[in-house]
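Here is how the chains run, residue by residue.
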Amino acid sequence: MKLSLLDPLVVPKGSTSGGALRTAMAMAKEVERLGFVRYWIVEHHDVAFEANPAPEVFAAALAGATSQIRIGVGGVLLNHYSPYKVAEALRTLGALFPGRIDVGIGRATAGPLADRALKRLRDAEIPDDHAAHVEELIGWLGNDLPESSPFHSIGIMRDEPAGPLPWILAVSEGSARRAAELGLGLACSAFHQPEQAPNSYAAYQSAFRPSRHAAGIAAPQAFIAVRAIIGETQEEAERLAMPVRAVFRQRRKPERIMLGRLPELDEAVAIMGGMVPADEAEWPAFIVGTPERVAGRLRRMAAITGASEFMIQDFLDDPELRLRNYELLTRAIA
């Protein structure tokens, strides 16, 4: 089983956003040493304790600090941007670090005010043209836009090979099928609706067609992303999971409460209404436990889906603790 890391770049206690970026560069080197396949960074906006508003910029620093691990701009929220400009940034990364850059293509709201701030025309109603923009972006990445495109005559670094490698971020079966039909990689999320992950993964495998795009792939490639909180004991893992649980409880409220920092344990317990034990569901939103328990759960997920790679995210703010956990999980899976 292969492991990868999805890093939200949580600012460590007592540090700054710049410190979080430097911590991530050091962490990328460490997980590369442990044999992790990918180090992806997500795109979030206006989150006070996360230092990752521009992953397409920071990916260059991560790739420069490492030598083999694949670096992923793990969440281009394409609903906010011009596909052409996104492709220019990604093609530049691909030219600088050939064969080492992934791009995860998604869509999400950053919050009403941040969404408006990201728009070029702040008062215009934007159509739901995400599917068309995904195909346009893939066309730019391979310089093979169809002749019917009004942009067919222009390209981006035509003297460089197609890429970087595009992946569709999928929560639902529909998104997974879309990735399969386009011949792209599948980053199957078991975060928001984890119970949908097995069907989404299976739908992708059964519906996959070799891509007609130069930047696509000829055979399916997929992994499952999970939130995993590890402790040396079950009790420690459940304590460590509480601040993370509280953050996502607040974000799911109708008023979308964004905390200014990760809460302390007692604050998290108050938000959650008490300690929350590890979920025993087959596909929990948080996999919480000892390295052996987490490894066992990942093996069961692999047996159900056929997945051979899992991308983990923990949302902890202690770099030493995070690295300890990655080392423990690596040993438990070996």
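As a starting point, this report considers the structure included with it. Residue numbers restart at each chain and count upward from 1, following the sequence in its written direction. A pLDDT threshold of at least 70 governs which residues receive local features in this predicted model, and a stricter bar of 80 or more applies before side-chain atom pairs are shown or counted, although totals over entire chains, interfaces and linings include all residues. The basis for the side-chain values is all heavy atoms of the structure; hydrogens and waters are excluded.

Next up on the list: the overall build of the protein chain. Secondary structure elements follow DSSP: runs of H or I no shorter than four residues count as helices, runs of E no shorter than two count as strands, and numbering proceeds from the N terminus. Looking only at helices and strands, the protein chain has 11 helices and 9 strands in total. The quantity called the radius of gyration is restricted to C-alpha atoms. Its globule counterpart is 2.2 Å times the number of residues to the power 0.38. Its C-alpha radius of gyration of 20 Å places the protein chain within 12% of the 20 Å reference for a compact globule of 334 residues. Dimensions of the protein chain along its principal axes, counting C-alpha atoms only, are 60 × 45 × 35 Å. For the protein chain, with 334 residues in total, the buried portion stands at 54%. Two residues form a contact once any of their heavy atoms are found within 4.5 Å. Here the analysis covers contacts within the protein chain between residues at least 6 apart in sequence; of these, 72% occur between residues at least 24 apart. For accessible areas, the Shrake-Rupley method is used with a probe of radius 1.4 Å. Any residue's cover is judged against the shown protein chains and nothing else. Of the accessible surface of the protein chain, which amounts to about 14700 Å², a share of 54% is contributed by carbon and sulfur atoms. Here Asp and Glu are counted as negative and Lys and Arg as positive; His is not counted, and neither are the chain ends. Charge coordinates come from a single atom per side chain, which is NZ of Lys, CZ of Arg, CG of Asp or CD of Glu. Within the protein chain, the 41 negative side-chain charges are centred at a point lying 1 Å from the centre of the 36 positive side-chain charges. Only protein chains enter the calculation, and the probe is 1.4 Å; a residue is then buried if its accessible area is under 20% of its type maximum, exposed if over 50%, and partly exposed in between.

Here we come to the packing of helix α1 (residues 17–33) against helix α2 (residues 55–65). Where α1 contacts α2, the two axes come as close as 9 Å, and the packing angle between them is 40°. In terms of their interaxial angle, α1 and α2 are classed as oblique. The element α1 and its partner α2 pack so that their crossing is right-handed. Side by side, α1 and α2 meet where Leu21, Ala24, Met25, Ala28 and Lys29 of the first sit next to Phe58, Ala61, Leu62 and Ala65 of the second. Residue composition of the contact of α1 with α2, grouped by class: 8 nonpolar, no polar and 1 charged. Only the stretch in contact is used when fitting a helix axis, every axis being a line fitted to C-alpha atoms; angles between N-to-C directions are given from 0 to 180 degrees. Throughout this description, any angle smaller than 35 degrees is read as roughly parallel, any larger than 145 degrees as roughly antiparallel, any in the 65 to 115 degree range as roughly perpendicular, and the remainder as oblique. If you view the pair so one helix is near and one far, a crossing is left-handed when the near helix is turned anticlockwise from the far one by less than a right angle, and right-handed when it is turned clockwise. Classification used: nonpolar for Ala, Val, Leu, Ile, Met, Phe, Trp, Tyr, Cys and Pro, charged for Asp, Glu, Lys and Arg, polar for all others including Gly.

Taking 1.5 Å per residue, 18 residues should reach 26 Å; helix α8 (residues 234–251) reaches 26 Å between its end C-alpha atoms and fits that length. The largest bend in α8 comes to about 30°, at Met242, with the proline Pro243 one to four residues further on. Of all 18 residues making up α8, 15 are buried, and the element is well covered by its neighbours. One less than the residue count of a helix, multiplied by 1.5 Å, gives the span that helix is expected to have. Fitting one axis to the seven residues ending at a residue and another to the seven starting there, the bend at that residue is the angle between the two axes.

Right, let's talk about the pairing of strand β2 (residues 38–41) for a bit. In β2, alternate side chains face the same way, and those of Arg38 and Trp40 on one face and Tyr39 and Ile41 on the other are all buried. Paired strands, as defined in this entry, are two strands with at least two bridges between them according to DSSP. Pairing analysis gives 3 bridges linking strand β1 (residues 2–7) to β2, with the strands arranged parallel. Bridging across to β2, Leu6 finds its partner in Trp40. Both β2 and strand β3 (residues 70–77) contribute to a ladder of 4 bridges, which runs parallel. Looking across to β3, one finds that Trp40 is bridged to Gly72. Note that the unit made of β2, α2 and β3 has a crossover that is right-handed. The handedness rule is simple: strands pointing away from the viewer, and a clockwise path from the first strand over the helix to the second, make the crossover right-handed.

Another aspect to go through is empty space enclosed by the protein. For cavity detection a 1 Å grid was placed over the protein atoms alone, and a set of points counts as a cavity when a 1.4 Å probe fits there but cannot get out; an open set counts as a pocket when protein lies on both sides within 12 Å along at least five of seven lines, with lining residues being those that have an atom within 4 Å of a point. Grid points are joined across faces, edges and corners, and a volume is the space filled by probe spheres set on the points. In total, this model carries 2 cavities of 30 Å³ or more according to the counting rule given. Approximately 50 Å³ is the volume found for the largest cavity. Along its surface, the largest cavity is lined by Asp7, Leu9, Val10, Pro12, Ala20, Thr23, Ala24, Leu316, Asp317, Asp318, Pro319 and Arg322. Counting residues per element, the ones that place at least two in the lining of the largest cavity are α1 and α11 (319–333). No other element matches α1, which puts 3 residues into the lining of the largest cavity. Of the residues assigned to the lining of the largest cavity, the class counts are 7 nonpolar, 1 polar and 4 charged. Its boundaries defined by the atoms lining it, the second largest cavity holds a volume of some 40 Å³. Lining the second largest cavity are Leu5, Ala228, Ile229, Ile230, Ile312, Gln313, Asp314, Asn325 and Tyr326. Residue contributions to the lining of the second largest cavity peak at 3 residues, all from strand β7 (residues 222–230).

As a further point, take the environment of Ala89. By the element assignment, Ala89 lies in helix α3 (residues 83–96). The class of Ala89 is partly exposed, set by a relative accessible area of 27%. Each C-alpha atom of the pair Ala89 and Glu56 lies 6.8 Å from the other, and the pair is 33 residues apart in sequence.

Counting buried positions along strand β9 (residues 309–313) gives 5 out of 5 residues, so the element sits mostly inside the fold. Burial along β9 is two-sided: the residues Glu309, Met311 and Gln313 and Phe310 and Ile312 are all buried. Where β1 meets β9, 4 bridges bridge the pair, whose relative direction is parallel. Following the sheet pairing, Leu5 is matched in β9 by Ile312.

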